[in-house]
Amino acid sequence: MANNPTVAADTKNKGSKSKIIIISLAVVILLLGGFVGYSLLSDSSEIPFISKLTEEPEPVEVQVPLEEFLINVSDENGDDTAIVKLEVSVSSYEEGAEELIGKEIAKVRDAIIHVVSNENIDTLLKREDNSFVIKNDLKNRINEAFGKDIIHEVYITNILTQD
C-alpha cells in the first residue's frame, strides 16, 4: 500500500491542507492580537467598539429641593425691614449626595441663610448672563460647609421680596 501512488498523494494533500489551515489560523490570531494591542496602546476613542467598552457611564444628576426660606435682609437704606421668601433646589453628580444633603440639611440651610442675610435687596436680585449672581455664592458657601465640592448647581425656583 505504501507503494500505491494514490494513497501517497492523499497523505501529502492531507498534510499540506492541515499546514495551510494552521498557518491561516496563526495569521488571523496574529492580526487580531496586533489590532487589540494597537487599540489598547493608542487612542482608543478613534475605534468605535473599543471606546464603547472603555467609556465610563454618564454621571447621574441628583436634584434635592429644599424647604422654603423666609429671611430678613436689608433694604436699599440698610434697614432690616425687607423679607425674602426663597425656594431653592441644589443638584449634584456625586454618588450618595442625596443622602449626604438630607443628613446634613442644617449645614445647607445655614449656608443659604448666611449668604442671603448678608445681602441687600439690590444685590440679591442682581443678574448676569440671565442668571442670579447670588447662585454662585450659595454654591460656594454650601460646598465650603461640606468641605468638598458636592453641589454642582443651585437653582432658585421661587424668589419674592417684600419691603
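Given the structure is predicted, the values throughout are model-derived calculations rather than measurements.

**Side note on helix α4 (residues 105-117)**
- With 13 residues, α4 ought to run about 18 Å at 1.5 Å a step, and its terminal C-alpha atoms sit 18 Å apart, in line with that.
- When we look at burial in α4, the residues that qualify are V108, A111, I112, V115 and V116. The buried residues of α4 occupy an angular sector of 120° when the element is viewed end-on, so they sit on one face.

**Observations concerning the nonpolar core**
- Grouped together as the largest cluster of nonpolar side chains are 28 residues, with contacts concentrated most on L66, L86, V90, I112, V116, I134 and I142.
- Contributions of two or more residues to this core are made by β2 (69-73), β3 (82-92), α3 (97-103), α4, α5 (121-124), α6 (134-146) and β6 (153-162).
- Ignoring anything within four residues of it in the chain, the contact list for V90 reads V62, Q63, V64, L66, I101, I142, I151, E153 and V154.

**Observations concerning the side chain of E119**
- You can see E119 is positioned in the loop between α4 and α5.
- Among buried Asp, Glu, Lys and Arg side chains, E119 stands out as unpaired, with K126 the closest opposite charge at 8.9 Å.
- At 2.6 Å, the side chain of E119 forms a polar contact with the side chain of T123.

**So, the pairing of β3**
- Burial of β3 is extensive: 8 of the 11 residues sit out of reach of the surface.
- Where strand β1 (residues 62-65) meets β3, 4 bridges bridge the pair, whose relative direction is antiparallel. Residue V64 lies in a different strand from β3, and its bridge partner there is V90.
- The pairing of β2 with β3 spans 5 bridges and is antiparallel. Residue F69 lies in a different strand from β3, and its bridge partner there is L86.
- Strand direction decides the pairing type here: β3 and β6, joined by 9 bridges, are antiparallel. Residue V84 lies in a different strand from β6, and its bridge partner there is T161.

Thresholds, definitions, all that
- Residues numbered from 1 in each chain as written.
- Predicted model: local features only at pLDDT ≥ 70, side-chain atom pairs only at ≥ 80, totals over all residues.
- Heavy atoms only, no water.
- Helix = DSSP H or I, 4+ residues; strand = E, 2+ residues; numbered from the N terminus.
- Expected span 1.5 Å × (residues − 1).
- Buried < 20%, exposed > 50% of the residue type's maximum accessible area, 1.4 Å probe, protein only.
- Arc of directions from axis to C-beta.
- Core = buried A, V, L, I, M, F, W, Y, C linked by side-chain atoms within 4.5 Å.
- Contact = heavy atoms within 4.5 Å.
- Lys, Arg positive; Asp, Glu negative; His and termini not counted.
- Salt bridge = Lys/Arg side-chain N within 4 Å of Asp/Glu carboxyl O.
- Polar contact = N/O pair within 3.5 Å; in protein donor to acceptor, adjacent residues only side chain to side chain.
- Pairing = 2+ DSSP bridges.

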